[in-house]
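# Coordinate analysis (summary)
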Amino acid sequence: MPPEFQTSPPAPIRAQYSPGEIPRLSAQAEQAANTLLNVIVALPVQDRTVDNTLLAFDRIMTDYSDTTQQLILMGYVYPDPEVAAEGMAVEASSQIFINGVNTRRDLYDAIKGQEPRTPGEARFYEVTIRKFEHNGLHLSDDRLATVRAMRATLSSLESQFSSNLNNDNTLLEFTDEELDGVPPSSMAAFTRTAQGTCLITTKYPDYLAVMMNADISGSRKRMYAAYNNRQAEVNTALLEQAIELRRQVAKELGYSTWADFQLDGRMAKNTGAVMAFLTSLKEPLKEKTQAELAELLLIKKERDPDATAVDPWDVAWLLERQKKEQYAYNEEEVREYFPVDRVQKGLFGICGTLFDIGFDEVKDVPVWSPEVRLFRVRNKSDNATVGYLYLDLYPRDGKYGHFCASPVTNGRQKNGTYNPPVLAIIGNFHAPDGDKPALLTMEEIETLFHETGHAMHVLLTTVPYGTQSGFNVEWDFVETPSQTLEEWAWDPQVLESISGHYTDTFRKIPVELRDRVIASRNIGNGYYYSRQLANAMVDMQFHTTAGPVNVTDADYRTYEEIMGIRPLAGTHPMASFGHLMGGYDAGYYGYLWSKVYALNIVDAFKRTGMTSRDLGMKFRQEILARGNMEDGSVLLKKFLGKEPGVEALYERLGIKIPQASAGTW
Ligand SMILES: [Zn+2]
């Protein structure tokens, strides 16, 4: 056929927009959803069926999110700033719209009382009703009004807190001598005053450049103090007000604490379960951390023989010294073995083996930027399309600056067929540099595996309801598949298999170098996990107290108890603990919680083989495919054939398992 008669395959999503279109499409989606929701509400009681009420609700909300998620994605990636801004605005407006829907009493009344016919419908019904009731729809109108008003105040406290942090412009002035040890590339990026001194912000890269490299302890201490005093005055008070308000909201909604309210409907289910989990980690982690700090103290004494303790502003710097002394390797040299194409092919190959899928690149469809690539993911068994994956891997002006896996359309049953899901991995990996291809660091490789774990959760779903498919799962289960897959990046055979020097892809990473890279992963692990534990502990304390709380005092006590390091007096680290005002309140434990589950899954693979198709297919069918159709704990138990236990984490950290705390928590 001559080329002009060839028709391109249809793109799975629309990728090109002109200014003004996105707001119009978003408004149309809202209007369409509202019209159809009103149809549900208007049905006479005797005409209501599960299909025209409960399942209609899923169809309407999924249609809505399938449209708006595409528009929001453009906000993250679209090269034209005007269109991108319009996309970002949809993120805010859709949140408001969805909150509005979830607090509609007429809808709740219409759906409540429906009688599901199958276990799947029953699960969907239960999750949906719980969402409405979480918003207070089981309360009388006047009490609901009180709760709404309190939650509106709470939202505004939270957004003030984060906007204060975003707009923080703390600046520190240092002389070159005070910055001894900081690498030239960082020095070159600092602003200079007329006197020739450096002005340094407390933004993450600047903060780390000083904390990891400045040899003078006083310089690090000054940076540490400034960093941990960002917005101290105003944000400490905002957090304390929010905690108090949350306590009152929880009471109104019939829970004894905010933590109990937040945990209802999550895997953990209640405060007791989270506290038992966190408490079980305390002693084993403490022992590990103390041993690490003892080693760090020896390194500190090499320079300062009178030192008696490791201070908070020493840790990052000492860990860097330790890494250089014990595992001397050059990150730049390691990267040369990991050109992005090689890694991505290797990663697709591993997913292909584990989950019996293939990835076919789809060319000649419109994308939002020329470097974006699209893959059709298909079953090897019957060649059926299971989903579409976009890769948008490198930084661009105006593009979202972090890494994420962003679902664009949800897998679901629609008009008699299965509608394949679409997902985009958005990254900011090292871009190609001159004639060198993009070369990935170990951290970047781990991140790519992590995001691909999210992608598999979304793309391999078989759930019939869009609002329950993919990673629309319990909040403390979402990070399990991603944290599972990231462990593959550190498996010696896998790492070797995805390597190939950029000048000659047949040249694999030398075994000796590979092993040093893998071994260095364990540096400071006890410290890192103890820090996670301390954060999770204060979060739970704040959200289970019976009265007002002094967040700074509570944090100092927990920090010293868990870390075994004296906090720096006069600092207010809670004033910049954004998670607690950004959706992770009574939720920070989730990082450790899903890590433990992930490591249990990985353990099963370690016993059977990291590339076992049988186990991979079991993981696919029993966890990845199932979305929110069952509790995460039920899915896990079925897959593992036993209750998950915390030992997997101890093993990963090289902690000898204390007999008393073996078993589940
Ligand atoms: Zn993640």
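Here goes a summary of the coordinates provided. Within each chain, residue numbers correspond to sequence positions counted from 1 in written order. Confidence filtering applies because this is a predicted model: local features only for residues at pLDDT of at least 70, side-chain atom pairs given and counted only at 80 or more, and all residues used for totals across whole chains, interfaces and linings. Just so you know, side-chain values use all the structure's heavy atoms and leave hydrogens and water out.

## Things to note about the sheet that holds strand β1 (residues 171–174)
- The strand order β1-β3-β2 describes an open sheet built from 3 strands, whose pairing is antiparallel. Both outer strands of the open sheet, β1 and β2 (191–192), are each paired with one neighbouring strand and no more.
- For two strands to be treated as a pair, DSSP must find at least two bridges joining them. Secondary structure follows DSSP: runs of H or I at least 4 residues long count as helices, runs of E at least 2 residues long count as strands, and numbering of each begins at the N terminus. Bridge count between β2 and strand β3 (residues 198–201): 2 bridges; the pairing is antiparallel. Counterpart to Arg192 in the pairing with β3 is Cys198.
- In this fold helix α9 (residues 217–227) packs onto β1 and β3, with an angle of close to 170° to the strand it touches most, β1. What makes two residues a contact is simply this: any of their non-hydrogen atoms within 4.5 Å. To get an axis, a line is fitted to the C-alpha atoms, and for a helix only the part in contact is used. The angle between two axes follows their N-to-C directions and goes from 0 to 180 degrees.

## Topic: the coordination of the zinc ion
- Coordination shells were defined by N, O and S atoms within 2.8 Å of each metal, extended to 3.2 Å for Na, K and Ca; water is absent from the atom set, which can make sites look incomplete. Listed as protein donors to the zinc ion are His450 (NE2), His454 (NE2), Glu479 (OE) and Glu479 (OE); their distances from the metal cover 2.1 to 2.8 Å.
- In this scheme the shape depends on donor count and angles: four donors with every angle between 85 and 135 degrees give tetrahedral, four or six donors with opposite pairs above 155 degrees and others between 65 and 115 give square planar or octahedral in turn, and any other case is irregular. One can describe the site at the zinc ion as irregular: its 4 donor atoms subtend angles covering 51 to 141° at the metal.
- Donor residues binding the zinc ion come from one chain and are separated in sequence as H-x3-H-x24-E. Of the two residues, His450 sits in helix α16 (residues 442–459) while Glu479 sits in helix α17 (residues 479–485), which places them 29 residues apart along the sequence.
- Burial here depends on accessible area, computed with a 1.4 Å probe over protein chains only, as a share of the maximum for the residue type. Under 20% is buried, over 50% is exposed, and the range in between is partly exposed. Note on His450: relative accessible area 14%, which makes it buried.

## Some words on the nonpolar core
- If you look at the biggest cluster of nonpolar residues, it comprises 181 residues, and the most contacted ones within it are Phe57, Leu278, Phe338, Leu389, Phe449, Trp488 and Phe542.
- Once you skip the residues sitting within four places of it in the chain, Leu389 turns out to touch Phe348, Phe359, Arg373, Leu374, Phe375, Val377, Leu423, Ile425, Ala455 and Leu459. What makes a nonpolar core is a set of buried Ala, Val, Leu, Ile, Met, Phe, Trp, Tyr and Cys residues whose side-chain atoms join them at distances within 4.5 Å.

## Points about the pairing of β1
- What you see with β1 is a clean split: Leu172 and Phe174 sit on the buried side and Leu171 and Glu173 on the side with no burial.
- With 4 bridges connecting them, β1 and β3 associate as antiparallel partners. Residue Leu171 lies in a different strand from β3, and its bridge partner there is Thr201.

## A closer look at the packing of aromatic side chains
- Working definition: rings of Phe, Tyr and Trp (its six-membered ring) pair if their centres are within 6.5 Å, and the pair is stacked with planes under 30 degrees apart, edge-to-face with planes over 60 apart, and tilted otherwise. What the rule picks out here adds up to 27 aromatic pairs.
- Measuring from centroid to centroid gives 6.4 Å for Tyr17 and Tyr78, while their planes differ by 70°, and the two rings are edge-to-face. Taken together, the positions of Tyr17 in the segment before α1 (21–42) and Tyr78 in the loop between α2 (50–77) and α3 (81–102) put the pair 61 residues apart, joining distant regions of the chain.
- Taking relative accessible area as the criterion, Tyr17 reaches 7% and is therefore assigned buried.

## Section: the side chain of Glu121
- By the secondary structure assignment, Glu121 is in helix α5 (residues 119–134).
- Among the residues examined, Glu121 registers a relative accessible area of 5% and is labelled buried.
- Contacts described as polar in this section are N or O atom pairs within 3.5 Å, which, within protein, must combine one atom able to donate a hydrogen with one able to accept it, while residues neighboring in sequence count only if both atoms come from side chains. A polar contact of 2.7 Å, which involves the side chain of Glu121, links it to the side chain of Arg117.
- Dropping the residues within four chain positions of it, Glu121 is found in contact with Val50, Leu54, Leu55, Pro116 and Tyr465.

## Things to note about the pattern of salt bridges
- Here, a salt bridge means any Lys or Arg side-chain nitrogen found within 4 Å of an Asp or Glu carboxyl oxygen. All chains considered together, the criterion is met by 44 salt bridges.
- The residue Arg373 makes a salt bridge to Glu361 at a minimum N-O spacing of 2.7 Å. With Arg373 in strand β5 (residues 373–379) and Glu361 in strand β4 (residues 357–361), this residue pair connects regions lying 12 residues apart in the sequence.
- Its relative accessible area of 32% is what places Glu361 among the partly exposed residues.
- For Glu630, the salt bridge identified is with Arg626, shortest N-O distance 2.9 Å.
- Connected through salt bridges with shared partners, the residues Glu446, Glu486, Glu487, Arg521, Lys595 and Arg652 form a single ionic network.

## Focus on the packing of helix α22 (residues 590–608) against helix α23 (residues 613–622)
- Taken N-terminus to C-terminus, the directions of α22 and α23 make an angle of 160°; their axes are 10 Å apart at the nearest point. Taken as axis vectors, α22 and α23 run roughly antiparallel relative to one another. Two packed elements cross with a definite hand, and for α22 against α23 that hand is right-handed. Residues Ile601, Ala604, Phe605 and Thr608 of α22 touch α23, and the partners they reach there are Leu615, Gly616 and Phe619. Here is the rule for angles: anything less than 35 degrees is roughly parallel, anything more than 145 is roughly antiparallel, 65 through 115 is roughly perpendicular, and the remaining ranges are oblique. Here a crossing is called left-handed whenever its near helix is offset anticlockwise from the far helix by less than a right angle, and right-handed whenever the offset is clockwise.

## Re the side chain of Asn428
- Along the chain, Asn428 turns up in the loop between β10 (422–426) and α16.
- A polar contact of 2.6 Å, which involves the side chain of Asn428, links it to the backbone oxygen of His402.
- Non-local contacts of Asn428, meaning those with residues more than four positions away in its chain, are made with Leu393, Tyr394, Pro395, Tyr400, Gly401, His402, Phe403 and Glu444.

## Observations concerning the sheet that holds β5
- Across the sheet, 5 strands lie side by side as β4-β5-β6-β10-β7; this open sheet has mixed pairing. On the outer flanks of this sheet lie β4 and β7 (404–409), each paired with one strand and no other. Neighbour-to-neighbour, the strand axes of the sheet open up by a mean angle of 25°, direction not taken into account.
- One ladder, built from 5 bridges, connects β7 with β10; its direction is antiparallel. Of the residues in β10, the one forming a bridge with Pro407 is Leu423.
- With respect to the sheet, α2 is in contact with β6 (385–392), β7 and β10, its orientation differing from that of β7 by roughly 140°.

## Here's the deal with helix α20 (residues 525–542)
- Each residue after the first adds 1.5 Å to the expected span of a helix. The end-to-end C-alpha distance of α20 is 26 Å, a good match for the 26 Å that 18 residues give at a rise of 1.5 Å each.
- Of all 18 residues that make up α20, 15 are buried, and the element is covered over most of its length.

Keep in mind these values describe shape, not function.
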